[in-house]
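# Results of the structural survey
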Number of protein chains: 2
Amino acid sequence: MSLWVDVLGREGHRITRSRRAVMEVLADAQAPLSPQMICERGRKRHPSLGLVTVYRTLDLFEDLGLVMRVHHGAGCHGYVLSSPGHRHVVLCDGCGRAEEFVGADDLDGLIDRVEGHTGYRIDGHLLQLAGLCPVCQA
Amino acid sequence: MSLWVDVLGREGHRITRSRRAVMEVLADAQAPLSPQMICERGRKRHPSLGLVTVYRTLDLFEDLGLVMRVHHGAGCHGYVLSSPGHRHVVLCDGCGRAEEFVGADDLDGLIDRVEGHTGYRIDGHLLQLAGLCPVCQA
DNA sequence: CCGTTTATTGAAAGACATTTTCACTAGTCT
DNA sequence: AGACTAGTGAAAATGTCTTTCAATAAACGG
């Protein structure tokens, strides 16, 4: 069984058809999906899936770190799967594909410097890169 | 005259009471403001200011790089002034204050590495830090 | 395997947020 | 000052997200 099933079980949440549908849709997608899109695609797997449930499921999954929210320029409401430890994505301007990358380490230096300059105590960050994926460069 | 007046003029946009009101409200604010909030405060300066115009003005200002959109966890709809060259903000979890910082330089190394690993050609990024400002740490 | 318990669901209605439309207003240029 | 046209604001339309609540279906014990 996959990771998300374990995580839900461990936290005392049930494994339902709706949640499975949402998770599978996200696993199949290469690009961030809006709740609407997730609902639409999810209905192919679980026809009675409701939009309300998609919203609730995404909130839950986000809390559990199974999914992460991605911010576009306009309308910042996309979701992608997030593997544990990978907290950032690169988005392709061409095809919309989203890909995770590691590299929080490089931020530590920057964060230290900002703490020094501003006096803030930094405890969180949001980092997203955008560009063209190898395919779209052709 | 201030920078934004020049920028608008150069691009062939008019300097109107509405735009001036929006710009002044943002200049006075220390934290990101929602369109509603901007409209409300703007009406103290230009009573007939409409919410529709605030939306249009923010879009325009964002295109011109005069203003930047800030992303919260929930409901990512705040705007702050952006000085040229300063492209990032730290948000205070306590009081909501937003402060710009420089430090894109540190990202260059990270971006190079990600380009190497993923094959993407990176041409943009979104970086925001969150934490507690000096005041709120007390 | 079957019934019980209770988290989860989905439809409808509601609350906001954002966009479109269009007649009118007011910057800007001459 | 007058003409031209970008810009404005109210109303209505459209979207997005949340709340409510009776019905459903996971999970667990027998």
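Residues numbered from 1 in each chain as written. Chains lettered and ligands numbered in written order. Predicted model: local features only at pLDDT ≥ 70, side-chain atom pairs only at ≥ 80, totals over all residues. Heavy atoms only, no water.

## Thoughts on the packing of helix α2 (residues 17–28) of chain B against helix α4 (residues 51–63) of chain B
Residue and element names in this part refer to chain B. At a minimum axis separation of 10 Å, α2 and α4 run at an interaxial angle of 70°. Our classification of the angle between α2 and α4 gives roughly perpendicular. Judged by residue contacts, Ser-18, Arg-19, Val-22, Met-23 and Leu-26 of α2 engage Thr-53, Val-54, Thr-57, Leu-58, Leu-60 and Phe-61 from α4. In terms of residue class, the contact of α2 with α4 is made up of seven nonpolar, three polar and one charged. (Axes fitted to C-alpha atoms, helices over the stretch in contact; angles between N-to-C directions. Helix = DSSP H or I, 4+ residues; strand = E, 2+ residues; numbered from the N terminus. Parallel < 35°, antiparallel > 145°, perpendicular 65-115°, else oblique. Contact = heavy atoms within 4.5 Å. Nonpolar A, V, L, I, M, F, W, Y, C, P; charged D, E, K, R; others polar.)

## A word on the nonpolar core
Within soluble globular proteins, side chains that are nonpolar tend to cluster in buried spots. By size, the foremost hydrophobic cluster in this structure holds 24 residues, and its most contacted members are Leu127(A), Leu129(A), Leu127(B) and Leu129(B). Mapped onto this core, the elements with two or more residues apiece are β3 (88–92), α5 (104–118) and β5 (121–132) of chain A together with β3 (88–92), α5 (104–118) and β5 (121–132) of chain B. With residues near it in sequence (within four places) discarded, Leu129(B) still touches Leu110(A), Ile111(A), Val114(A), Ile122(A), Gly124(A), His125(A), Val89(B), Val90(B), Leu91(B) and Phe101(B). Of all hydrophobic cores here, the second largest spans 21 residues; its members include Val5(B), Met23(B), Val25(B) and Phe61(B). (Core = buried A, V, L, I, M, F, W, Y, C linked by side-chain atoms within 4.5 Å. Buried < 20%, exposed > 50% of the residue type's maximum accessible area, 1.4 Å probe, protein only.)

## Details of the pairing of β5(A)
Pairing between β3(A) and β5(A): four bridges, direction parallel. From the neighbouring strand, Val90(A) faces β5(A), where its bridge partner is Leu129(A). Of the strand pairs in this sheet, β5(A) and β5(B) are connected by 11 bridges, and their pairing is antiparallel. The partner of Leu126(A) across the bridge, within β5(B), is Gln128(B). (Pairing = 2+ DSSP bridges.)

## What to know about the protein's contact with DNA strand C
The immediate surroundings of DNA strand C are formed by 21 residues, with Thr16(A), Thr53(A), Arg56(A), Ile15(B) and Tyr55(B) found nearest. At 3.5 Å, a side-chain N or O of Ser18(A) approaches a phosphate oxygen of DNA strand C. Tyr55(B) is positioned such that a nitrogen or oxygen atom in its side chain is 2.4 Å from a phosphate oxygen of DNA strand C. If you list the elements that add at least two residues to the surface near DNA strand C, you get α2 (17–28) and α4 (51–63) of chain A together with α4 of chain B. (Near = heavy atom within 4 Å. Polar contact = N/O pair within 3.5 Å; in protein donor to acceptor, adjacent residues only side chain to side chain.)

## Here's the deal with the environment of Gln30(B)
All names here are of chain B. The residue Gln-30 is located in the loop between α2 and α3 (35–42) in this model. Gln-30 sits 85 residues away from Glu-115 along the chain, and the two C-alpha atoms are 36 Å apart. Discounting residues that sit within four places of it in the chain, Gln-30 has contacts with Arg-97 and Ala-98.

## Section: the packing of aromatic side chains
Residues and elements named next belong to chain A. Counted under the stated rule, the structure contains two aromatic pairs over all chains. Judged by centre distance (6.2 Å) and plane angle (55°), the ring pair of Trp-4 and Phe-61 falls under tilted. Note that Trp-4 is positioned in helix α1 (residues 3–10) and Phe-61 in helix α4, a separation of 57 residues in sequence. (Phe/Tyr/Trp six-rings, centres within 6.5 Å; stacked < 30°, edge-to-face > 60°.)

## Overview of the pairing of strand β1 (residues 67–70) of chain B
Residue and element names in this part refer to chain B. The two faces of β1 match: Val-67 and Arg-69 on one face and Met-68 and Val-70 on the other face are all buried. Summarising the sheet, β1 and strand β2 (residues 78–81) pair through four bridges and their orientation is antiparallel. Bridge pairing in β2 places Met-68 opposite Val-80.

## Here's the deal with the protein's contact with DNA strand D
Around DNA strand D, 21 residues are found, and the nearest of them are Ile15(A), Tyr55(A), Thr16(B), Thr53(B) and Arg56(B). The share of sugar and phosphate among atoms of DNA strand D within 4 Å of the protein is 63%. Arg19(B) places a side-chain nitrogen or oxygen 3.0 Å from a phosphate oxygen of DNA strand D. Elements represented by at least two residues in the surface near DNA strand D include exactly α4 of chain A together with α2 and α4 of chain B.

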